[in-house]
Amino acid sequence: MSSVTVRVPAKVNVQLSVGPLREDGYHDLVNVFHAVSIFDEVVAKESESITVSVSGKWSDQVPVDDTNLAIRAARALAKHAGRTYGADLVIQKDIPVAGGMAGGSADAAGALVACNELWGLGLPFEDLMEIAGDLGSDVPFSLLGGTAVGTGRGERLSELPTGGTFHWVFAPANGGLSTASVYAECDRLRDASGAQVPWPQLDDTLMEALGTGDAYSLGAHLSNDLQAAALNLRPELAPTLDAGRQHGALGAIVSGSGPTCAFLAIDATHARDLALSLTTTGAAHTAVAAHGPVHGATLV
Ligand code: ATP
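Residues numbered from 1 in each chain as written. Predicted model: local features only at pLDDT ≥ 70, side-chain atom pairs only at ≥ 80, totals over all residues. Heavy atoms only, no water.

**Considering the pairing of strand β7 (residues 166-171)**
Residues in a regular strand project their side chains so that they alternate between the two faces of the sheet. Quick reminder of the rule: Each residue gets one of three labels from its accessible area relative to the maximum for its type: buried under 20%, exposed over 50%, partly exposed in between, using a 1.4 Å probe on protein chains only. Each helix is a run of DSSP H or I of at least 4 residues and each strand a run of E of at least 2, with the numbering of both proceeding from the N terminus. Two strands qualify as a pair provided DSSP detects at least 2 bridges between them.
With six of its six residues buried, β7 lies for the most part within the structure. Residues Phe166, Trp168 and Phe170 point to one face of β7 and His167, Val169 and Ala171 to the other, with burial holding for every one of them. Examined bridge by bridge, β7 and strand β11 (residues 288-292) share five bridges and lie antiparallel to one another. When the sheet's bridge partners are listed, Trp168 is paired in β11 with Ala290. As defined by bridge partners, β7 adjoins strand β10 (residues 261-265) across five bridges and the pair is classed as antiparallel. Bridge pairing in β10 links Phe170 to Ala262.

**Things to note about the site of the ligand**
Worth spelling out the cut-off: Any residue with a non-hydrogen atom lying within 4 Å of a molecule or strand is treated as near it. Polar contacts here mean pairs of N or O atoms no more than 3.5 Å apart (in protein, one a potential hydrogen donor and the other a potential acceptor; neighbouring residues in sequence count only if both atoms are side-chain atoms). Residue polarity follows a fixed list, in which Ala, Val, Leu, Ile, Met, Phe, Trp, Tyr, Cys and Pro are nonpolar, Asp, Glu, Lys and Arg are charged, and the others, Gly among them, are polar.
In the neighbourhood of the ligand, 20 residues make up the surrounding shell, with Ala98, Gly100, Gly104, Asp138 and Thr179 lying closest. Side-chain polar atom of Lys93 to a nitrogen atom of the ligand: 3.5 Å apart, as the coordinates give it. Here the residues of the shell around the ligand are counted per class, giving eight nonpolar, eight polar and four charged.

**Focus on the domain arrangement of the protein chain**
It is common to give the size of an interface as the accessible area lost on bringing the parts into contact. The test is simple: Residue ranges assigned to the domains are those given by an automatic or database domain assignment. Throughout, a residue-residue contact means that at least one pair of heavy atoms, one from each residue, lies within 4.5 Å. Each of two parts loses accessible area, computed with a 1.4 Å probe, when they are put together; buried area is these two losses added.
Assigned domains within the protein chain: domain 1 (3-160) and domain 2 (166-292). Computed from C-alpha coordinates alone, the two centres of domain 1 and domain 2 are separated by 22 Å. With 31 residues of domain 1 at the contact, the number on the domain 2 side is 36 residues. Looking only at domain 1, the three residues that lose the most surface to domain 2 are Val14, Leu16 and Val18, adding up to 20% of its buried area.

**Description of the UniProt feature "domain: GHMP kinase N-terminal" (unreviewed entry) in the protein chain**
Operational definition: UniProt positions are given in the numbering used here, feature names are shortened, and annotations may be inferred rather than shown by experiment.
The feature "domain: GHMP kinase N-terminal" (unreviewed entry), as annotated in UniProt, sits at residues 68-146 in this numbering. Across residues 68-146, the secondary structure splits into 58% helix and 9% strand, with the terminal C-alpha atoms separated by 25 Å.

**Points about the pattern of salt bridges**
What counts, and what does not: When a carboxyl oxygen of Asp or Glu is within 4 Å of a side-chain nitrogen of Lys or Arg, the pair counts as a salt bridge.
What the rule picks out here adds up to nine salt bridges. Here Asp225 ties to Arg190 by a salt bridge, and the two come within 3.6 Å at their closest N and O atoms. Of this pair, Asp225 sits in the loop between β8 (223-224) and α8 (227-233) while Arg190 sits in helix α5 (residues 179-193); the two residues are 35 residues apart in sequence, bridging distant segments of the chain. Residue Arg190 is classed as buried on the basis of its relative accessible area of 18%.

**Brief notes about the packing of helix α1 (residues 69-81) against helix α3 (residues 125-135)**
Stated precisely, the cut-off is as follows: In this description, a line fitted to the C-alpha atoms serves as the axis of each element, helices being fitted only across the stretch in contact, and the angle between N-to-C directions of two axes falls anywhere from 0 to 180 degrees. Any angle between 65 and 115 degrees counts as roughly perpendicular, while under 35 counts as roughly parallel, over 145 as roughly antiparallel, and the rest as oblique. Crossings are sorted by hand: turned counterclockwise from the far helix by less than a right angle, the near helix makes the crossing left-handed, and turned clockwise it makes it right-handed.
Taken N-terminus to C-terminus, the directions of α1 and α3 make an angle of 130 degrees; their axes are 10 Å apart at the nearest point. The angle between the axes of α1 and α3 places the two elements in the oblique class. You can see that α1 and α3 cross each other, and the crossing is right-handed. Contacts from Leu69, Arg72, Ala73, Ala76, Leu77 and His80 of α1 reach α3 at Asp127, Leu128, Ile131 and Leu135. Grouping the amino acids of the contact of α1 with α3 by side-chain chemistry returns seven nonpolar, one polar and two charged.

Below is the structure:
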């Protein structure tokens, strides 16, 4: 096989509850991931060494050196297999970079699936999940897709059945936000308020909304403990979220650590109308309709 193509989705967190800061610098999370139909494509081609190139709208913001998560994933896979392998990784980027939609994790997951196939390793999914967990807390979910609850640092995953398709609009912002800086701002705000930080708990009503496919209830119960921090760092996001609500979004939330704004729509037609309203009124400079849940990293 000389070339393998994998398609891998972005995620939005429909619940992101952040526990108190741990001694190791991490937070315990209850993180409900939902994979949506904005995809990066990772092509792995036969080569002597492991290299990466990136094209697409966000490509200028992605490093092509050894810090690229797809390269790190391919190296980790080769190490796991105990041999030296090469691959030219070609990423077509549609997922916003540093947007809170796990784009780097998606590329890492895509590289794992693509190189496993290209190199004929035939490693089972469980092995790929283990390597993914070492690469970053969002990478296992990018492999899995669908809707799932992550606990611990987000890396212990349980799949959640959902009762239908949900329709979304995503408004990527100009420029990204670093996940670490958003967590630091969240800790700073909590220190300043002095309030006791509760232990993160799964929202039962949100679970029920996902299970029954009730978009109205899901919209009313979206939650993100990082949102206040993201809005503090990027105050211009608040009017974008308000505009979505005014145009009938069932829920409006910052996606993960932001700055992408996510809006839950009633159906596919409403999602298209909402995306158009957000851009024509200038509330967002770009807005994309998408649906979820969708499969994780998939060979095409
Ligand atoms: P998350 O939602 O998982 O917190 P994010 O979507 O906010 O992540 P990413 O798009 O994953 O952020 O990018 C985070 C940083 O990782 C970027 O600033 C970029 O420099 C770096 N990076 C490394 N490899 C990649 C990649 N393949 N695609 C995107 N960013 C990458």
